[in-house]
Structures are given as structure tokens and as C-alpha cells.
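# Fold and contact review
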Amino acid sequence: MSRRTLLTGLAAAGGLTAVGASPALAHGRRVLHVRPGDSVQAAVDAVTGPGRTIVVHPGTYREVVKVPAEAGELTVRGASRDPRAAVIVFDNANGTPKPDGSGTYGTAGSATFTSAAPGLTVRDLTLANDWLRADHPDITGTQAVAAYVTGDRSRFENVRLLAHQDTLFADTTALDAFDRQYYRHCYIEGDVDFVFGRATAVFDACHFHTLQRDVTFTPKGMVFAPATARANPYGFLALRGRVTSGAEDAAYKIARPWVPSYETTAWPSLVVRDTWLGPGIDAVTPYTNMRDAYPWQTMRFREYANSGPGAVVSVPENRPQLTAREAATHTRRTYLRDWRPYECP
């Protein structure tokens, strides 16, 4: 996906809009409405207590949005049920210099949308980072995050997450936290490690799409790069979804393990089950290493009851499978425990 393609789609959804004005308030300040010309961040800053709702009306809002931990139980939703109608987009990358000269943004700092709020709900929106490598050949830190999410009980439904490298950073508030996240009916696209982090995250009926990438080597990228803490029994769970590709057949891997330099004891965990894997996934060797010191075979990578050309098991040792009994312990309920957002209408 080119930046031009993305912007064309956004313009069709509602047109590029300037931001900076204050949002309109209603219902005793419990509901804040953001319209073209307003700022989503201004609405976030106006939140005065838990349980508030921000309604984003159709338009494209070019800004960075940061939801602080104090804005607990916040809902940010599009006014339309079509997530293409309301778009929040910006174009920072890891290596983008900060305006104040204090360095670069880093991976997490590049995010268009950041939240540390517990109980966050985001629905019916597009969150995008349209930074492109080709436009910035001088920048080597090419991670450009659409959403950086921490905070327990973060829920995303009918949300489009668009970027290239490191689209969704599903992380935790602290190294000793097992923060839970739930994504339902979301569309997530990218190329390299575009769903990554250390959260306990369930992806329920989500559509993952790998992008064409202008390189001559393969793999061109990986869908997942979990960094689960060793003490956490559950990392990423993708179920009842599908993986499609804009690249040639077998150009992508399902995953590689991320063991961060700041947490070398991490033991990445990923289960992909009941999911259709398209031909873009390398069925023979669907996993690879990020670093040889941490081989994927030693990680908690498993599959169960997947289908499609990318799910064909031709080399069993390359595709570790759960038994039916083991699969019964990898469900939405076991991962999310007493929090059951999948029961909400």
C-alpha cells in the first residue's frame, strides 16, 4: 500500500481536515464530539473523569493522539459504523528527528495513537501511520507504529490499523504486568513484525493483511513478533481469523520471536487457531528467528485446526500443533480470565 493509495482512501472517507479547535461538549461533559476542524487530542485532554466517550465524526484527523493512564474506562468511537469514515493518521517513524532536537522518536514514540488507559474501548475507527521508507532513504529506524497500546482491559472492535513496519505495538504498562487486550473484527495490515509486543492479546475474527514490499529477498516480513514474559502463561492468541497477502506466494512468515534487549528472559508465546492462512504464508517454514541466540523452536509457538494453502503441514517439525486437549486451554476465557469483552454486544 502506498501513501498515495492510503490518502486517496482517506479523502474518500471524509477529506483531510486541519485540527486544533476545541471539541464540542454534550450531556454534561460525559460525551465529547469531535468534528472536522476539531482535535481528537483536545477532546482527550478535556476528559475529566472515568467512563467518558469521545465520538469522532467522519473526516481525517492528521495528528498524534495520546490517552493518559488517568483517562480510565474511556471510549473513543467513530460516529459511523464504517471505520473508514473517521481516520486518525500521522507520519512519524522511529528515526524521525523530534522538533526540539532531543533525538528521534523511537519505535513506541512513533505511534499515531498511544494509550495507557485501563478499560479503554476503541471502535469504528481507522488508526494509521502513513510514513514510507521510500520517502525517507536517510532514515534507518523504519518502524512506524499506528497504535501503541498498554493498559489492562483494552478493547478494539471494528478498527482498521494501517502501517508498514510495526503497525500494532500490543504491550504492557510494566515488565511485571500481564495487561490484557482484545481485538474483534479488526483489520490489521503491514509488512515487518506488524503485530508485536508483550501483552496478553486475543485477536478474535480479525483480518491480517501482508503488504507488497519492494525488496528482492524473502521473507519479506512476518505477521507476529510476540515478546511474552516468561512468567506469563499466555501471549498472543489469534482465532477464527484470516491472513491474506498483497505479495507473492510464500513471501511471509507467520511469526518470529522477539526477545528484547531490555528483557532477555522473555519467552514469546503465540497460538494461531481456527484461522485461514492464505498462500502468502510460507507453509513449509512458517516461522523464523529474529536472532539465532533465540531460536523459534524453543518458543511457545503452536497452531490448531488452521486451514488454507498457508496452513498445509508438509514438514511437521516446522509446524508445532496443539492437541485437542491442549487447545481447550487456549481460549478467549483462559487468556482474558475474569474480563469477558466478547460477551458484550
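Preceding this section is the structure that the text describes.
It should be emphasised that the depicted structure is a prediction, and the values quoted were computed from it without experimental measurement. (Residues numbered from 1 in each chain as written. Predicted model: local features only at pLDDT ≥ 70, side-chain atom pairs only at ≥ 80, totals over all residues. Heavy atoms only, no water.)

Positionally, Thr 200 belongs in strand 19 (residues 200-204). Not counting residues within four places of it along the chain, the set of residues in contact with Thr 200 comprises Phe 178, Asp 179, Arg 180, Gln 181, Asn 232, Tyr 234, Gly 235 and Tyr 335. A polar contact is formed between the side chain of Thr 200 and the side chain of Asn 232, at a distance of 2.8 Å. Within polar-contact distance, the side chain of Thr 200 engages the backbone oxygen of Tyr 234 at 3.1 Å. (Helix = DSSP H or I, 4+ residues; strand = E, 2+ residues; numbered from the N terminus. Contact = heavy atoms within 4.5 Å. Polar contact = N/O pair within 3.5 Å; in protein donor to acceptor, adjacent residues only side chain to side chain.)

Under the defined criterion, the tally for this structure stands at one cavity of 30 Å³ or more. When its volume is computed, the largest cavity comes out at roughly 40 Å³. The wall of the largest cavity is formed by Phe 208, Val 223, Phe 224, Ala 238, Val 243, Ile 254, Val 272, Thr 275, Leu 277 and Ile 281. In terms of residue class, the lining of the largest cavity is built from nine nonpolar, one polar and no charged. (1 Å grid on protein atoms, 1.4 Å probe; cavity = no way out; pocket = protein on both sides within 12 Å on 5 of 7 lines; lining within 4 Å. Points joined across faces, edges and corners; volume = space filled by probe spheres on them. Nonpolar A, V, L, I, M, F, W, Y, C, P; charged D, E, K, R; others polar.)

A word on the packing of aromatic side chains. Counted according to the given criterion, the structure contains 16 aromatic pairs. Measuring from centroid to centroid gives 5.0 Å for Phe 156 and Tyr 183, while their planes differ by 20°, and the two rings are stacked. Within this pair, whereas Phe 156 is found in strand 13 (residues 154-157), its partner Tyr 183 is found in strand 16 (residues 180-184), the two being separated by 27 residues in sequence. Each ring, one from Phe 208 and one from Phe 224, has its centre 5.1 Å from the other, and the planes form 65°; the classification is edge-to-face. With a gap of 16 residues between them, Phe 208 in strand 20 (residues 207-210) and Phe 224 in strand 21 (residues 221-226) connect regions that are remote in the sequence. Of the two residues, Phe 208 and Phe 224, neither departs from the other in class, the shared state being buried. Taken together, the aromatic side chains of Phe 156, Tyr 183, Phe 203, Phe 208, Phe 224 and Phe 236 make up a single cluster linked through ring pairs. (Phe/Tyr/Trp six-rings, centres within 6.5 Å; stacked < 30°, edge-to-face > 60°. Buried < 20%, exposed > 50% of the residue type's maximum accessible area, 1.4 Å probe, protein only.)

Turning our eyes to something else, we now look at the sheet that holds strand 18 (residues 195-197). Consider a sheet: its strands pair through backbone hydrogen bonds, and that pairing is either parallel or antiparallel. Taken together, seven strands build an open sheet; the order of strands is 6-9-12-15-18-21-24 and the sheet is parallel. Strands at the two margins of the open sheet, each flanked by one partner only, are strand 6 (65-67) and strand 24 (252-255). Within the sheet, the average angular offset between the axes of one strand and its neighbour, ignoring direction, is 15°. (Pairing = 2+ DSSP bridges. Axes fitted to C-alpha atoms, helices over the stretch in contact; angles between N-to-C directions.)

Another aspect to go through is the pattern of salt bridges. Enumeration according to the criterion identifies 19 salt bridges in this entry. In this structure, Arg 153 engages Glu 73 in a salt bridge whose closest nitrogen and oxygen atoms are separated by 3.0 Å. Of this pair, Arg 153 sits in the loop between strand 12 (147-149) and strand 13 while Glu 73 sits in the loop between strand 6 and strand 7 (75-78); the two residues are 80 residues apart in sequence, bridging distant segments of the chain. When its relative accessible area of 25% is taken as the criterion, Arg 153 is described as partly exposed. (Salt bridge = Lys/Arg side-chain N within 4 Å of Asp/Glu carboxyl O.)

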